[in-house]
Amino acid sequence: MKKEFKEIAQKIVDSMTLEEAASQIKYDSPAVESKDIPAYNWWNEGLHGLARAGTATVFPQAIALAAMFDKDMLQKIGDVVATEARAKYNESTKCGDRDLYKGITMWSPNVNIFRDARWGRGQETYGEDPYLTGALGVAFIKGLQGDGKYLKTSACAKHYAVHSGPEALRHGFDAKASAKDLEETYTPAFYAAIKEADVSGVMGAYNRVNGEPACASQELVVKRLREEWGFDGYFVSDFLALMDIHENHHVTKNAVESAALALKATCDVNAGYVYREIMEAYRQGLVTEEEIRTAAVNAYTIRAALGMFSDDCEYDSIGIESLDTEESAELSYQASINSTVLLKNDGILPLNKDDIKTIAVVGPTATSIAVLEGNYNGTSSRYVTNLQGIRNAVNPETRVLYSEGSHLFNDRVQNLALEDDRLSEAETVARSSDVVVLYVGLDSTIEGEEGDTGNAFAAGDKTSLFLPESQQKLIKRVVSTGKPVIIVNNTGSAIDFSFEEENVNAIIQSWYSGQAGGQAVADIIFGQAVPGGKLPVTFYKDGTQPPMEDYSMKNRTYRYFTGEPLYPFGYGLSYTSFEYSDVQVDENDSDAPSGISVTVNVKNTGAVKADEIAELYINNQIKEKLSNGLNSGIEGLEAATDVDNQPICSLAGFERVTLEPGESKTVTFKLGERAFDTVLEDGRRVKLRGSYKLYVGGQQPDAVSEKLTGNKCLEVGTTI
């Protein structure tokens, strides 16, 4: 934070009584009447659009935004979120409404690693890769915070750290993570948020990490976040997480002790009620006046940076006219297009609408608004459902037949006799059509956050990677008609489509697709738009993942998984083809943080304009570096180079490029300062001297990707 904002905060807090200062480190900070400071509620959400505050632009869910592999667009989306949050804040303040979800401290983005495909909240993340997550998190934070004199809004990277389920156990769970996994996987995105985006807030997780409550961790927060990384923003607990310290983790005896433990770990703002006991902790000698005032200064520095104590903030004039605009709606639609991933296409897509006389729209997500929204969402004024999108896209004379086909989830059916009551209708509709578009999936009432979902047995997590049994029956019934079938899947996570891969014509992953999601996927189906998303997560075959409670990264994500995925990370098909050529390495690029950059020529060799996502991966070749004798002086190196404990390959660069038919462009990757790091077992980062293999292409360099796409990555070497 800028020095001037810290000075403003210090001056204000110094003028308060200790009781007044203590009252300001709660998320629902009351007014300080003696200073003419109004009440402020810190809690607001903006994961993929301004959330829970009424009308706002609803963008595709965060996992879908990750599938765009597009830093520039994500920054633009962050800016829209900030604009709409400022508009709500300014207008509600005029009305004297200072309640939650009306502020400009956004508790977004979620930069946790989606390490297990069953995790319900994985939809809130940017996927399974720490580099991708960090790069997209940085872009979104920059969009939220702006580049003006004041912060447009305050961003908050969450949930620090080692947090990715299981949801049912999170309040008392101890996530055991090795020093290597902490440094290599679980914390890099937070590091990037601080070092590259100067994020103003960090939120702690519910769970313990290696025995310490994440919101009161000396190791994670004081040593790593504050001292090693130099984070000078505010640290906030997750909601009610400090109560867990005594009620579920049993690290302390009561709320007074929990308040003291958190404050001494520099938790500045308590989302919850434990800091109501902070003055009692002071009276018992468990915390000092300096610790209370330091937390209040950290909190007030953010408020000063947001312009709350100034009369020249450039964002104070943003009003209701900036909400739900045509421009933001178009951006949301484009994000829905760019995030859609084509998983299979036997040539049926795109459909020629002039050839379609009757089309069947079948499935429990066809008319759902919930699958457009995901969780942590706002309310749009202009939803286009999947069914409506098809109606909008076909010729006026084309007959659209609709059947719900099945219930979304078996357990939702109160009368078991009605469990399969829609199947015969679906079969009839399918048999009467030229082609079937079958909309399946989940929604945020099934997968999501503990307490928000209806599948109480899993608290928001999935118990398997298959669709619910009711939908599996529907798919098989429709397939049995012999009609061409296109599956569109609305989920926030991976699904095992082994049966569908063998038995349907096309599969589209549409995620929780945003307010215009139905229109976007229909336009893709009929060739008015081209799918250009790539998977930010691996689609596994069910049963191939380790136990969810095991936080070791061994055999998790594409970087460590030794099995055969159904669809790999970084994979996605197009309606055109691309050719990669002339890959070059510059080992003396002063503009690249690592000093190394890679260029490659990408050509659209097909017949339609389309986007391509060029991906660059590094293979560290650990064994070769051990044998070359150049790294023998590094203590502990041999223990760190267990083949099973090193990434197979790692994403180190990506760029999205738009190409006309026949057009070529040169794509440049400037590799980051950590791109060639090896993390030892004790968590130390070292740069091993020797040669490195680099792979460039439209997917990762694995056999399954090559088989699915028919393409191979280009390979080139470099030496450090």
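Caption draft 1: Structural detail: the overall build of the protein chain. Check the secondary structure of the protein chain and you find 23 helices and 23 strands. At 26 Å, the protein chain has a C-alpha radius of gyration in line with the 27 Å of a compact globule built from 720 residues. Considering only C-alpha atoms, the protein chain reaches an extent of 75 × 65 × 50 Å along its principal axes. For the protein chain, buried positions account for 64% of its 720 residues. Contacts spanning at least 24 positions in sequence make up 78% of the contacts within the protein chain whose residues lie at least 6 apart. Taking the average place of the 69 positive charges on the side chains of the protein chain and the average place of its 105 negative ones, the gap between the two points comes to 0 Å.

Caption draft 2: Fine view of the pattern of salt bridges. Across all of its chains, the model carries 43 salt bridges by this definition. Glu655 is the salt-bridge partner of Lys71, the closest N and O atoms lying 3.6 Å from each other. A residue pair is termed long-range when its members are at least 10 positions apart, and Lys71 in helix α4 (residues 71-94) and Glu655 in strand β18 (residues 650-659) qualify at 584 residues. Take Lys71: its relative accessible area is 28%, and that puts it in the partly exposed class.

Caption draft 3: The arrangement of the packing of helix α5 (residues 130-145) against helix α7 (residues 188-197) in detail. Where α5 contacts α7, the two axes come as close as 8 Å, and the packing angle between them is 40°. Relative to α7, the element α5 lies oblique. The crossing of α5 and α7 is right-handed. Residues Pro130, Thr133, Gly134, Val138, Ile141, Lys142 and Gln145 of α5 pack against Pro188, Ala189, Ala192, Ala193, Glu196 and Ala197 of α7.

Caption draft 4: Quick peek at the side chain of Ser339. Structurally, Ser339 can be placed in helix α13 (residues 326-339). The exposure class assigned to Ser339 is buried, which follows from its relative accessible area of 1%. The residues touching Ser339, leaving out its near neighbours within four places in the chain, are Pro60, Ala64, Leu65, Ala67, Met68, Gln509, Trp511 and Gly533.

Caption draft 5: Representation of the sheet that holds strand β5 (residues 201-204) in the model. As summarised here, the arrangement of the 3 strands in space is β3-β5-β8, forming an open sheet in which the pairing is parallel. Pairing within the sheet leaves two strands with one partner each, and these edge strands are β3 (156-160) and β8 (234-236). Neighbour-to-neighbour, the strand axes of this sheet turn through a mean angle of 25°, independent of strand direction. The sheet contact formed by β5 and β8 spans 3 bridges and is parallel.

Caption draft 6: Looking closely at α13. The first and last C-alpha atoms of α13 sit 20 Å apart over 14 residues, in line with the 20 Å expected at 1.5 Å per residue. For α13, the buried fraction is high: 10 of the 14 residues fall into the buried class.

Caption draft 7: Focus on the nonpolar core. Ranked by internal contacts, the top residues of the largest apolar core, which has 135 residues, are Ile77, Trp107, Tyr160 and Tyr275. Tallying contributions element by element places helix α12 (residues 289-305) first for this core, with 9 residues. Setting aside anything within four residues of it in sequence, one finds Trp107 in contact with Tyr27, Trp42, Trp43, Asn44, Glu45, Cys156, Lys158, Met203, Tyr234, Val236 and Ala271. Residues Val437, Ile487, Tyr567 and Ala614 belong to the second largest nonpolar core, which totals 102 residues.

Caption draft 8: Fine view of the sheet that holds strand β15 (residues 578-586). Strand order in the open sheet formed by 3 strands is β15-β16-β19, with antiparallel pairing between adjacent strands. Each edge of the open sheet is held by one strand with a lone partner, namely β15 and β19 (664-670). Across this sheet, the average inter-strand angle for adjacent strands is 20°, counted without regard to direction. Judged from the 7 bridges that link them, β15 and strand β16 (residues 597-604) form a sheet pairing that is antiparallel. In the strand pairing of β16, Phe578 is matched with Asn604.

Scoring rules and cut-offs
Residues numbered from 1 in each chain as written. Predicted model: local features only at pLDDT ≥ 70, side-chain atom pairs only at ≥ 80, totals over all residues. Heavy atoms only, no water. Helix = DSSP H or I, 4+ residues; strand = E, 2+ residues; numbered from the N terminus. Rg over C-alpha atoms; globule rule 2.2 N^0.38 Å. Buried < 20%, exposed > 50% of the residue type's maximum accessible area, 1.4 Å probe, protein only. Contact = heavy atoms within 4.5 Å. Lys, Arg positive; Asp, Glu negative; His and termini not counted. Charge placed at Lys NZ, Arg CZ, Asp CG, Glu CD. Salt bridge = Lys/Arg side-chain N within 4 Å of Asp/Glu carboxyl O. Axes fitted to C-alpha atoms, helices over the stretch in contact; angles between N-to-C directions. Parallel < 35°, antiparallel > 145°, perpendicular 65-115°, else oblique. Left-handed = near helix turned anticlockwise from the far one by under 90°. Pairing = 2+ DSSP bridges. Expected span 1.5 Å × (residues − 1). Core = buried A, V, L, I, M, F, W, Y, C linked by side-chain atoms within 4.5 Å.

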